[in-house]
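# Architecture and fold: a report
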Amino acid sequence: MPQVTIITDLTSNDPYLGMAKSVLHRQLPGVHLIDLSTGEDNKDLISVVYILKSSLGFFPEGSVHLIAVKNTSDRPLIKPEWASDPKRFLVCRYLSQWIITPDNGLLSLLGEGLEIFNVFYDDPKKGLFYLRDLFPYITASLLQDQHPENVGLKTQEFSRLTWPEPYVQGNVLKGQKIYQDAFGNIITNITKNVFEAACPKGHFEVVLPGAVINTLHTYYYDVPYGQPLLLFNSANYLEVSICGQSAADLLIPRSIATHRFFQILPCHILAKEGQLL
């Protein structure tokens, strides 16, 4: 049975998220409504894409994913016509599921195989609190007949951003933090395939403030409590962690939360103040 998920920076401390959920339940009695990720002030579009890419495979066909986060990203705008439009909303069919989002560039970061529809709505006020006043009705229509043509017109025009791909420069593998979870684990955009291509013999060294790592681990508890480790998570992204503690608080300079730039060397991963090198 299709499910409905919410990814938002709204929190349960305010009534807004509860309002939106109430309207969803009223429009779809008995709906399976899941908080996929809510309430993080630092949630940006890159982190939302990571959440979607690592989660969609666990949901049945026809599920609907509602995105309501600030339209923030430090990714460069390649062309002026690719700028976001906060008053425009899109429905996307992707991997046999639905994504409903403002036109903020998020969909362009998902990759190929997208079918996108520009939502039409007659009252501009619905765009102010779209998670409550617009998205529930689009969701109800999609779940009832699976025909996006009933809520919008197919389009090739939408905001576009660029995904922060890792790359090799000389003997340096460069990447970025793309997500930080509630445990303080730092997820990078370095995938297992990319890492193994850059380090074919498996030799490397990670130098962080107060810690040196030269071994890949499989489980968080492979090291004693309080010790740092490097592993590939279940989505096959390279992750910096500390057993039982927050890597973000103890290892990574605070400015990475905003700038997120770092470099990974095939034989050395170094960290300096303000960035990972």
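This report concerns the structure included in the present document. Every value quoted in this text rests on a predicted model; they were computed, and no experiment measured them. Residue numbers run consecutively from 1 along every chain, following the written order of its sequence. Selection of residues for local features in this predicted model requires a pLDDT of at least 70, selection of side-chain atom pairs for listing and counting requires 80 or more, and totals for whole chains, interfaces and linings are taken over all residues. The side-chain numbers reported here are obtained from all heavy atoms of the structure, hydrogens and water having been left aside.

### What about the overall build of the chain?
Numbering goes from the N terminus for both helices and strands, where a helix is a DSSP run of H or I of at least four residues and a strand is a run of E of at least two. Counting its regular elements, the chain contains six helices and 18 strands. With 277 residues in all, the chain has 50% of them scored as buried. When checking whether two residues touch, look at their non-hydrogen atoms; a contact exists if any pair is within 4.5 Å. Contacts in the chain between residues far apart in sequence, at least 24 positions, make up 65% of those at least 6 positions apart. For accessible areas, the Shrake-Rupley method is used with a probe of radius 1.4 Å. Any residue's cover is judged against the shown protein chains and nothing else. When the accessible surface of the chain is totalled, it reaches about 13700 Å², and 52% of it is carbon and sulfur. Note on exposure labels: buried denotes an accessible area under 20% of the residue type's maximum, exposed denotes more than 50%, and partly exposed covers the range between, all computed with a 1.4 Å probe on protein chains only.

### As for helix α4 (residues 135-145)
Within α4, the full set of buried residues consists of F135, P136, I138, T139, A140, S141 and L142. The first or second residue beyond α4 is Q146, which carries a positive phi of 60°.

### With respect to the pairing of strand β1 (residues 4-8)
Most of β1 sits inside the fold, with five of its five residues counted as buried. Burial of β1 is two-sided: the residues V4, I6 and T8 facing one way and the residues T5 and I7 facing the other way are all buried. Only when DSSP finds a minimum of two bridges between them are two strands counted as paired. Where β1 and strand β3 (residues 64-68) come together, five bridges link them in parallel fashion. Looking across to β3, one finds that I6 is bridged to L66. Pairing analysis gives five bridges linking β1 to strand β2 (residues 33-38), with the strands arranged parallel. Counted as the bridge partner of T8 is T38 from β2.

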